[in-house]
Amino acid sequence: GQSLEQPSEVTAVEGAIVQINCTYQTSGFYGLSWYQQHDGGAPTFLSYNALDGLEETGRFSSFLSRSDSYGYLLLQELQMKDSASYFCAVRPYSGGYQKVTFGTGTKLQVIP
Amino acid sequence: ETGVTQTPRHLVMGMTNKKSLKCEQHLGHNAMYWYKQSAKKPLELMFVYSLEERVENNSVPSRFSPECPNSSHLFLHLHTLQPEDSALYLCASSQDVGQRTGELFFGEGSRLTVL
């Protein structure tokens, strides 16, 4: 099976940088994705890492290291609207491509 | 607006009721999913349909019954539920062929309360 662990809560100051980690135990997967979910809203896709290294999309960057079973989401120039829950997710090799598995989720609170 | 619409947004039902959740996607995707989201727990995959065939049933109790009449519509039929089934039920779709990231597009969910 797969398990993806994240810190449950993170607090950061507006304008700062925050890193949300995702450590996983899985036999293999196609890539690591990140989703954002505001309270009462739908999860929305943020980024995807198929290969090791850093992917940058505006203020958000995501990193993957398969050898370390570790990834992270980096949010720069934090804004109040970034307060939300963030989930990492994988599509595993075994069990079927459609069996998308999500991490435990991190609730980010941005404070003034 | 994600292109995935769920109804109803809120549902309260007794343990003996029968109700259904509906999901419709307007994105031309070929796979649809039901997830359960409970407080302080990861999103739990319940069912997956790919090309209108069920490819995943993640050990879900039989009181939850999915139906996928075509590639744009997905239902979750509910009967004799338990209070612990109270949760947010999220529908998602994806294009599983020719799409690099396998991105899921979620609806805003149906908040279910079982009394």
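Residues numbered from 1 in each chain as written. Chains lettered and ligands numbered in written order. Predicted model: local features only at pLDDT ≥ 70, side-chain atom pairs only at ≥ 80, totals over all residues. Heavy atoms only, no water.

## Focus on the sheet that holds strand E1 (residues 4-7) of chain B
Residues and elements named next belong to chain B.
Okay, step 1: One open sheet accounts for 4 strands, arranged E1-E3-E8-E7; its pairing is antiparallel. Each edge of the open sheet is held by one strand with a lone partner, namely E1 and strand E7 (64-70). Each strand of the sheet is rotated relative to its neighbour by a mean of 15°, with strand direction disregarded.
Okay, step 2: Sheet topology places strand E3 (residues 18-25) next to strand E8 (residues 73-79); 7 bridges connect them, and they run antiparallel. Residue pairing for E8: Cys23 is matched across the bridge by Leu74. (Pairing = 2+ DSSP bridges. Helix = DSSP H or I, 4+ residues; strand = E, 2+ residues; numbered from the N terminus. Axes fitted to C-alpha atoms, helices over the stretch in contact; angles between N-to-C directions.)

## Examining the side chain of Ser62(A)
Residue and element names in this part refer to chain A.
Okay, step 1: Turning to its location among the elements, Ser62 is positioned in strand E7 (residues 60-65).
Okay, step 2: Given the relative accessible area of 0%, Ser62 is considered buried.
Okay, step 3: A polar side-chain atom of Ser62 sits 2.5 Å from a polar atom in the side chain of Asn49.
Okay, step 4: Residues within four places of Ser62 in sequence aside, it is in contact with Trp34, Ser47, Tyr48, Asn49, Gly53, Leu54, Glu55, Tyr72 and Leu73. (Buried < 20%, exposed > 50% of the residue type's maximum accessible area, 1.4 Å probe, protein only. Polar contact = N/O pair within 3.5 Å; in protein donor to acceptor, adjacent residues only side chain to side chain. Contact = heavy atoms within 4.5 Å.)

## Brief notes about the sheet that holds strand E8 (residues 70-75) of chain A
Strand pairing in a sheet is mediated by backbone hydrogen bonds. Such pairs are either parallel or antiparallel.
Residue and element names in this part refer to chain A.
Okay, step 1: The sheet built from 5 strands is open, its strands ordered E1-E3-E8-E7-E6 with antiparallel pairing. At either margin of the open sheet sits one strand with a lone partner, and together these are strand E1 (3-5) and strand E6 (53-57). On average, each strand axis in the sheet is inclined to that of its neighbour by 20°, with strand direction left out of account.

## What about the state of the cysteines?
Okay, step 1: Per the stated rule, a full pass over the model turns up 2 disulfides over all chains.
Okay, step 2: Two residues, Cys22(A) and Cys88(A), share a disulfide whose sulfurs are 2.1 Å apart. The S-S bond linking Cys22(A) to Cys88(A) shows a torsion near 75°; that makes this disulfide right-handed. Here the residue Cys22(A) occupies a position in strand E3 (residues 18-25), and Cys88(A) occupies one in strand E9 (residues 84-92), the gap between them amounting to 66 residues.
Okay, step 3: Cys88(A) gets classed as buried once you look at its relative accessible area, which sits at 0%.
Okay, step 4: Disulfide pairing is shown between Cys23(B) and Cys91(B); the S-S distance is 1.9 Å. Residues Cys23(B) and Cys91(B) share a disulfide whose torsion about the S-S bond is about -75°; that sign makes it left-handed. With Cys23(B) in strand E3 and Cys91(B) in strand E9 (residues 87-94), this pair connects stretches of sequence that are 68 residues apart.
Okay, step 5: Residue classification places Cys91(B) among the buried residues on the basis of a relative accessible area of 0%.
Okay, step 6: Unpaired in this structure, Cys68(B) has its nearest cysteine sulfur neighbour in Cys91(B), at a distance of 9.1 Å. (Disulfide = S-S within 2.5 Å.)

## Quick look at the interface of chain A and chain B
Okay, step 1: In this complex, chain A contributes 19 residues to the contact, which on the side of chain B involves 25 residues.
Okay, step 2: Along the contact surface separating chain A from chain B lie 0 salt bridges.
Okay, step 3: Here chain A and chain B share 5 residue pairs in polar contact (both at pLDDT 80 or more) between them.
Okay, step 4: Mapped by element, the contributors of at least two residues to the side of chain A that touches chain B are strand E4 (29-37), strand E5 (44-49) and E9 of chain A.
Okay, step 5: Here the element with the most residues in the side of chain A that touches chain B is E4(A); it accounts for 3 residues. (Salt bridge = Lys/Arg side-chain N within 4 Å of Asp/Glu carboxyl O.)

That's the geometry; what it means functionally is another story.
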